[in-house]
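So you can see what is in the structure, the chains are spelled out below.
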Amino acid sequence: MVIRAVLWDIDDTLFDYARADLAGMRDHLAAEGLAVGPSGDPSGSSAGDRAADAGAAPGGLSGGFGSVAEALRRWQELTVVHWRRFEAGGVDFQEQRRERVRDFLGREDLGAAEADAWFGRYLAHYEAAWELFPDSVPVLDLLAGDYRHAVLSNSSIHNQERKLRVLGVRDRFEAVVCAAELGYAKPAAEAFHAACTALGLPPHEVAYVGDQPDIDARGAVEAGLLGIWLDRAGTGGRPELTRITDLHQLPPLLGGDTRFGAPDTFG
């Protein structure tokens, strides 16, 4: 069967989310009064000690994290917790941001305005680090004449529409479909089918490219699409999945459509 369109994941597929997340947190914590060494880790005494010694203002870091990576892990955990509350209708979009800040700082009494200001400062550092992977635009260019393109993301339209515009690639995609608005997320077949419907194509004529082997590639296959795992780290170990390690491997894969051949063509 001929593939007519490509559905894309965004974070850690086209957009280098992991790098931006770490760089944004490092720069934000430094600006909030946490000394950060050239390696990206705090040096010397604990974060809490340094913040106290520096006379950190209310709303600054008080969690005593041993490194930026440790602080980032905690931030990511809280993001998952409060995003799920938002998806379930327990809080609105702005309030889930405020609750993340309060929990991260250990400051339940932090007012809405102060929490909003802290998150805004963090967001500015995170967005300043936004970059596409080097292979993203060249491969989108290579595929532009032969395939239609859309996005399916487990985030929200609010986040991903703006991200694509800032990165200069929103016009590459006919549609941006996101879990927060759909009410279901990958790997649910309904999410993939909703994106196919947005393109007006049956699932068997659509490929999905994402960085998660189960949420993205396996979920797409089970929904009837050609699921492709973008394994940038070269992890391997999933021979049942169609796997690439670089987006430059995608055009020849789509041209040959190996869904009925050996899945792990590139590595």
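The sections below set out a description of the structure shown in this document. (Residues numbered from 1 in each chain as written. Predicted model: local features only at pLDDT ≥ 70, side-chain atom pairs only at ≥ 80, totals over all residues. Heavy atoms only, no water.)

### So, the packing of helix H1 (residues 17-31) against helix H5 (residues 112-128)
Okay, step 1: As a packed pair, H1 and H5 sit with axes 7 Å apart at the nearest point and diverge in direction by 130 degrees. As summarised for this structure, H1 and H5 are arranged oblique, according to the angle between their axes. Regarding H1 and H5, the two cross each other, and that crossing is right-handed. Residue-level inspection shows Tyr-17, Ala-20, Asp-21, Gly-24, Met-25, Asp-27, His-28 and Ala-31 of H1 in contact with H5, the latter providing Trp-118, Arg-121, Tyr-122, His-125 and Tyr-126.
Okay, step 2: Partitioning the contact of H1 with H5 into residue classes produces seven nonpolar, three polar and three charged. (Axes fitted to C-alpha atoms, helices over the stretch in contact; angles between N-to-C directions. Helix = DSSP H or I, 4+ residues; strand = E, 2+ residues; numbered from the N terminus. Parallel < 35°, antiparallel > 145°, perpendicular 65-115°, else oblique. Left-handed = near helix turned anticlockwise from the far one by under 90°. Contact = heavy atoms within 4.5 Å. Nonpolar A, V, L, I, M, F, W, Y, C, P; charged D, E, K, R; others polar.)

### Notes on the pairing of strand S4 (residues 206-210)
Okay, step 1: With five of five residues buried, S4 is to be regarded as a mostly interior element.
Okay, step 2: Every second residue of S4 is oriented toward a common face, with Val-206, Tyr-208 and Gly-210 on one face and Ala-207 and Val-209 on the other, all of them buried.
Okay, step 3: As defined by bridge partners, strand S1 (residues 5-8) adjoins S4 across four bridges and the pair is classed as parallel. The partner of Leu-7 across the bridge, within S4, is Tyr-208.
Okay, step 4: Bridging between S4 and strand S5 (residues 226-230) involves four bridges; their strand directions are parallel. Bridging across to S5, Ala-207 finds its partner in Leu-226. (Buried < 20%, exposed > 50% of the residue type's maximum accessible area, 1.4 Å probe, protein only. Pairing = 2+ DSSP bridges.)

### Describing the packing of H1 against helix H3 (residues 68-87)
Pairs of packed helices are described in terms of their axes, by the angle between the two and the distance that separates them.
Okay, step 1: Two elements in contact, H1 and H3, have axes whose closest approach is 10 Å; the angle formed by their N-to-C orientations is 110 degrees. The angle between the axes of H1 and H3 places the two elements in the roughly perpendicular class. You can see that H1 and H3 cross each other, and the crossing is right-handed. In contact with Asp-21, Leu-22, Met-25, Arg-26 and Leu-29 of H1, H3 contributes Val-68, Ala-71, Leu-72, Trp-75 and Gln-76.

### Digging into the sheet that holds S4
Think of a sheet as strands paired side by side through backbone hydrogen bonds, with each pair either parallel or antiparallel.
Okay, step 1: Ordered by their spatial adjacency, six strands build an open sheet running S3-S2-S1-S4-S5-S6, and the pairing between neighbours is parallel. Here the strands that pair on one side only, and so sit at the sheet edges, are strand S3 (176-178) and strand S6 (242-244). Along the sheet, successive strands turn relative to each other by an average axial angle of 25 degrees, direction set aside.
Okay, step 2: When S5 meets S6, the two strands line up parallel, connected through three bridges. Following the sheet pairing, Leu-230 is matched in S6 by Ile-244.

### A look at the pattern of salt bridges
Okay, step 1: This model, assessed by the stated rule, comprises 25 salt bridges.
Okay, step 2: In the salt-bridge network here, residues are joined through shared partners; they are Glu-95, Arg-98, Glu-99, Arg-102 and Asp-116. (Salt bridge = Lys/Arg side-chain N within 4 Å of Asp/Glu carboxyl O.)

### Focus: the nonpolar core
One broad rule of soluble globular proteins: the nonpolar side chains tend to lie buried together.
Okay, step 1: Trp-8, Phe-104, Ile-228 and Leu-254 are the most contacted members of the largest nonpolar core, which has 49 residues in total.
Okay, step 2: With six residues, the single largest contributor to this core is H5.
Okay, step 3: Ala-150, Leu-152, Ala-191 and Ala-195 belong to the second largest nonpolar core, which has 17 residues in total. (Core = buried A, V, L, I, M, F, W, Y, C linked by side-chain atoms within 4.5 Å.)

### Remarks on the side chain of Ser-155
Okay, step 1: Tracing the backbone through its elements, the reader meets Ser-155 in the loop between strand S2 (148-153) and helix H7 (157-166).
Okay, step 2: Residue Ser-155 is classed as buried on the basis of its relative accessible area, which comes to 12%.
Okay, step 3: There is a polar contact of 3.3 Å between the side chain of Ser-155 and the side chain of Asn-159.
Okay, step 4: Non-local contacts of Ser-155, meaning those with residues more than four positions away in its chain, are made with Trp-83, Gln-160, Cys-178, Ala-179, Ala-180 and Glu-181. (Polar contact = N/O pair within 3.5 Å; in protein donor to acceptor, adjacent residues only side chain to side chain.)

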